[in-house]
Amino acid sequence: MKKLIAGNWKMNGLRIDAQELAADIVNGIYKDEALLERCNFLVCPPSIHIGVVRHTLQNVDSVILGAQDCSAHENGAYTGDISAQMLSDSSCAYVILGHSERRQYHEESNELVAQKAILAHESGRVTIICVGESEQEREEGREKDVVGAQLAGSMPGSCTAKNTVIAYEPVWAIGTGKTACVEDVRVMHAFIREKLKERLEDYKNMRILYGGSMKPANAKELLTVENVDGGLIGGASLSAEQFLGIAKEVH
Ligand code: PGA
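Residues numbered from 1 in each chain as written. Predicted model: local features only at pLDDT ≥ 70, side-chain atom pairs only at ≥ 80, totals over all residues. Heavy atoms only, no water.

What to know about the overall build of the protein chain
- Each helix and strand counted, the protein chain has 11 helices and eight strands in total.
- Relative to the compact-globule value of 18 Å for 251 residues, the protein chain shows a C-alpha radius of gyration of 17 Å, a close match.
- In terms of overall dimensions, the protein chain has C-alpha extents of about 45 × 45 × 35 Å along its principal axes.
- Across the 251 residues of the protein chain, 53% fall into the buried class.
- On the protein chain, roughly 11,800 Å² of surface is accessible, and the fraction owed to carbon and sulfur atoms is 47%. (Helix = DSSP H or I, 4+ residues; strand = E, 2+ residues; numbered from the N terminus. Rg over C-alpha atoms; globule rule 2.2 N^0.38 Å. Buried < 20%, exposed > 50% of the residue type's maximum accessible area, 1.4 Å probe, protein only. Areas by Shrake-Rupley, 256 points an atom, 1.4 Å probe, with all protein chains shown as cover.)

Remarks on the site of the ligand
- In the vicinity of the ligand lie 13 residues, with Lys 10, His 99, Glu 169, Gly 175 and Ser 213 positioned nearest.
- Glu 169 has a polar side-chain atom sitting 2.7 Å from an oxygen atom of the ligand.
- Contact with the protein chains hides 95% of the accessible area of the ligand, taken as 280 Å² for the molecule alone.
- The class makeup of the residues in the shell around the ligand is four nonpolar, seven polar and two charged. (Near = heavy atom within 4 Å. Polar contact = N/O pair within 3.5 Å; in protein donor to acceptor, adjacent residues only side chain to side chain. Nonpolar A, V, L, I, M, F, W, Y, C, P; charged D, E, K, R; others polar.)

Side note on the pairing of strand β5 (residues 126-131)
- Among the six residues in β5, six count as buried, and that is most of the element.
- Neither face of β5 is open: one carries Val 126, Ile 128 and Cys 130, the other Thr 127, Ile 129 and Val 131, and all of them are buried.
- By the bridge criterion, four bridges tie strand β4 (residues 94-97) to β5 in an arrangement that is parallel. The partner of Leu 97 across the bridge, within β5, is Ile 129.
- Pairing of β5 with strand β6 (residues 164-168), which is carried by five bridges, proceeds in the parallel orientation. Its bridge partner lying in β6, Ile 128 is registered against Val 165. (Pairing = 2+ DSSP bridges.)

A word on the pairing of β6
- For β6, a buried count of five out of five residues is recorded, marking the element as mostly surrounded by other parts of the structure.
- Here β6 shows a buried face lined by Thr 164, Ile 166 and Tyr 168 and a second buried face lined by Val 165 and Ala 167.
- Pairing of β6 with strand β7 (residues 207-211), which is carried by four bridges, proceeds in the parallel orientation. Bridging across to β7, Ala 167 finds its partner in Leu 209.
- Considered for its hand, the β-α-β crossover made up of β6, helix α9 (residues 182-199) and β7 is right-handed. (Right-handed = clockwise from strand over helix to strand, strands pointing away.)

Nothing here speaks to function; it is geometry throughout.
Next up, the structure:
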């Protein structure tokens, strides 16, 4: 399985920045095409920049376009929201759901994430469902309980290995420069794989990404851990050099 190198641009940059970043990534891959033998690339810009990035990625096969969220409703009076169908219409093949920042700042529950995922799957999107414990939950030794409950509650019955990717992102490692140690990542990814086994026949083919302060300097050790099938990258995905630098560590 190729590693999925996914950029979550979060709420950063203006239109011109998004355009340049996408173009720089495409050019970087073009110069080092061997990267495509080992990795798939995904970028998830802020929704208002999806149009410009889509334009930049026209006729480009090497980089997939995705979004950072979608609505739990099909359409209607939901001011500010974007439906899965709209993402489909704008060529977003993937959508990140249940990111810890949305769980925290928008009080998204597992049930809401699952509802979003159902509509995303119905529209043919691939969902990246995010899970991860807080620092306090880890200190209390509850990380597996938390992640297990998030998986059970956020993954609807429509999840298959083809339409779903899991991203394990310990909340305390996101944007903090702190990375989970290799052993913690190994243990949690093995746990997630076991949980997937309980409910999916093709559980081995479902990608599990690690996310949380991934950068070129730590990518090699993280991406070689068993059951780590790629990275969900925030800060370092805002520089084409760093983003592709992570992919260059995949051997
Ligand atoms: P980070 O973010 O790489 O900046 O820690 C990862 C994420 O939140 O997806």
